[in-house]
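Chain by chain, the residues run as shown.
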Amino acid sequence: MARASYDVAVVGAGIIGCGCALELAGGGRSVVVLESSGVASDTSCRAMGHVGVYDDSPAQFSLSRFGVECWNSLAPDLPPEVDYVRRGALWIAADESEMADVEAKLGRYRAAGVEAHVVDGRELRRMEPQLAPDLPGALWVPGDIVLDAAEATRFLADRARSLGAELRIPSRVRSLTEDGPRLDDGRVVRAEFTVLAAGWRAPELLPGLDIRPRKGHIAMLAPPAGFVHHQLSEVGYVRGSQPGVADVISFSLQPRSSGRCLLGATRQYVGPSTEVDPTVIRRLLERARRFVPAIGDVPVERTWTGLRPAGARGVPYIGPVADHPRWILAAAHEGIGITTAIATGRLVTSIVAGTPPAIPLEPFRPGPEPGPG
Ligand SMILES: Cc1cc2nc3c(=O)[nH]c(=O)nc-3n(C[C@H](O)[C@H](O)[C@H](O)COP(=O)(O)OP(=O)(O)OC[C@H]3O[C@@H](n4cnc5c(N)ncnc54)[C@H](O)[C@@H]3O)c2cc1C
């Protein structure tokens, strides 16, 4: 039976909303999740699943490192379908000049106490024989994880439910009020705090919020058994993820336990359409051939796209909305939302509880721009 009011209403059951619901319910709060479509029905079911430490800014570094720790803390409880595997990541230099990026990355990881090692071209090919023979080396980060993003989201939702969170699906939120979210039918779901975790659609409820859909294409490949073993990404990938870069095709290849591999990653600001553009898929495969020449012979089983929720500052927004201290924004996770979902939930829980956060919140505090819906 539905309650008359809740401590917290969470808008959105993507991985961020589910991570928040899990942590809030685990912290003893009464929680309702309002979702218009379904658990993991938008970006969180269209992502790759690299749960890794990302170093494109100090803020992302601290949040993603915390994110990896959070997933590791849940690892013993994860069911097989989440396909959590500590594969480690190789950040590969495309040429000698990019070895400077590899060294700089090594310095940042080591300074923060994250295990990382430079491997030369010979060692790289021993680890991954399919890589092109002229690649000069890579950074090896053994602690990075690969998992299935959609299954991981469903796991977080189920766990939140088992801790007492109520999931109301379908329930589309039309606007936010000081008493709680207002649904399409006009009813207000009463809650002391509202967490806005609506992904790229968050500006529909907070007009003026600077989050845009950033489209990414993925190809699912059906390679021969044991084709690659680690999460492979080009070291230049991070430069392409900066918010100002308009059109990016970079190499990222992710093996799954099923034997399939996911190939990404592209970034485009082309609105909310999720239509697959065959030209982009062709360019993605071309870029991949630079790193894995045999990829040209591997069948492409399926292609799709997803919309990353990209904020103008290049870091997620986690914190109270200006002038609305009981509306907490948890959005704009761009390409690191799978990594940072539980971490975001823990930070949101500390905001609601008024307890010290596990990492400094300042870089993630929403600006004064968003106004009431
Ligand atoms: C191609 C691609 C590859 C990626 N790879 C990785 C990766 O390897 N590692 C990583 O960490 N991240 C990755 N990401 C990023 C990650 O997928 C996103 O950051 C994350 O999924 C965002 O989750 P979310 O919950 O904010 O959004 P969503 O998953 O979009 O969830 C938002 C939910 O809110 C609901 N909603 C919206 N409006 C309303 C409303 N008015 N009322 C009720 N419900 C509403 C929607 O229906 C939806 O279910 C990738 C993304 C893409 C596109």
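Scroll up for the structure.
Caption draft 1: The site of the ligand, seen in detail. Around the ligand, the structure places 44 residues, and the nearest of them are Gly12, Gly14, Gly199, Gly216 and Gly337. Of all the secondary structure elements, the ones that give two or more residues to the shell around the ligand are helix 1 (15–26), strand 12 (211–221), strand 15 (261–268), strand 16 (300–311) and helix 8 (337–353). Per-class residue counts for the shell around the ligand are 18 nonpolar, 18 polar and eight charged. Two domains each provide a minimum of three residues to the shell around the ligand, namely domain 1 (6–46 + 149–210 + 314–364) and domain 2 (89–142 + 212–309).

Caption draft 2: Just the pairing of strand 6 (residues 137–141), in detail. Burial within strand 6 is extensive, with five of its five residues counted as buried. Along strand 6, one buried face is formed by Gly137, Leu139 and Val141 and the opposite face, lined by Ala138 and Trp140, is buried too. Pairing between strand 4 (residues 89–93) and strand 6: five bridges, direction antiparallel. The residue of strand 6 that forms the bridge with Trp91 is Leu139. Sheet analysis places strand 5 (residues 117–120) next to strand 6, joined by four bridges and oriented antiparallel. For His117, the partnering residue across the bridge sits in strand 6 and is Trp140.

Caption draft 3: Layout of the pairing of strand 11 (residues 191–196). For strand 11, a buried count of five out of six residues is recorded, marking the element as mostly surrounded by other parts of the structure. With three bridges connecting them, strand 11 and strand 18 (residues 324–331) associate as parallel partners. Its bridge partner being in strand 18, Val195 is matched across the sheet by Ile328.

Caption draft 4: Quick look at the sheet that holds strand 16. Ordered by their spatial adjacency, eight strands build an open sheet running 5-6-4-13-14-15-12-16, and the pairing between neighbours is mixed. Each edge of the sheet is formed by a strand with only one pairing partner; in this case those strands are strand 5 and strand 16. For this sheet, the mean inter-axis angle between neighbouring strands, taken without regard to orientation, is 25°. In the sheet, strand 14 (residues 247–255) pairs with strand 15 via seven bridges, with the strands oriented antiparallel. If you follow Asp247 over to strand 15, its bridge partner there is Gln268. Running over the sheet, helix 3 (residues 99–111) touches strand 4, strand 5 and strand 6 and is turned about 20° from strand 6. Helix 7 (residues 278–291) contacts strand 4, strand 12, strand 13 (231–234), strand 14, strand 15 and strand 16 of the sheet and is inclined by roughly 60° relative to strand 14.

Caption draft 5: Examining the sheet that holds strand 2 (residues 31–34) more closely. The mixed open sheet is built from six strands, whose spatial order is 8-2-1-11-18-17. Edge positions in the sheet fall to strand 8 (166–168) and strand 17 (317–321), since each of these pairs with one other strand and no more. The sheet shows a mean angle of 20° between the axes of neighbouring strands, direction not considered. On the sheet, helix 8 packs against strand 1 (6–11), strand 11, strand 17 and strand 18 and is oriented at approximately 20° with respect to strand 17.

Caption draft 6: Just unusual backbone geometry, in detail. The residue after Ile169, namely Pro170, is reached through a cis peptide bond having omega -5°. Here Pro170 shows up in the loop between strand 8 and strand 9 (173–177). Following Gly264, the chain continues to Ala265 via a peptide bond in cis, the omega torsion being 5°. Looking at where Ala265 falls in the secondary structure, it is placed in strand 15. Phi angles above zero are rare outside glycine, and Ala332 is one such case at about 70°.

Caption draft 7: Just the environment of Gln242, in detail. Tracing the backbone shows Gln242 in the loop between helix 6 (237–240) and strand 14. For the pair Gln242 and Gly208, spaced 34 residues apart in sequence, the C-alpha separation works out to 21 Å. Once residues lying within four places of it in the same chain are set aside, the contact partners of Gln242 are Asp56 and Gly314.

What counts as what
- Counting from 1, residues in each chain are numbered in the order their sequence is written.
- Only residues with pLDDT of 70 or above have their local features reported here, since the model is predicted, and side-chain atom pairs are shown and tallied only from 80 upward, although totals for entire chains, interfaces and linings are computed over all residues.
- Any residue qualifies as near a molecule or strand once its backbone-derived C-beta atom lies within 6 Å of it.
- Only DSSP runs of H or I reaching four residues or more are called helices, and only runs of E reaching two or more are called strands; each is numbered from the N terminus.
- The classification used treats Ala, Val, Leu, Ile, Met, Phe, Trp, Tyr, Cys and Pro as nonpolar, Asp, Glu, Lys and Arg as charged, and all other residues, Gly among them, as polar.
- What counts as a domain boundary in this text is fixed by an automatic or database domain assignment.
- Using C-beta atoms placed from the backbone, we call a residue buried if 20 or more other C-beta atoms fall within 10 Å of its own, exposed if 12 or fewer do, and partly exposed for counts in between.
- When DSSP locates at least two bridges between a pair of strands, those strands are taken to pair.
- Helix axes are fitted only over the stretch in contact, all axes being lines through C-alpha atoms; the angle between N-to-C directions runs from 0 to 180 degrees.
- By the criterion used throughout, residues are in contact when their C-beta atoms, derived from the backbone, lie within 7 Å.

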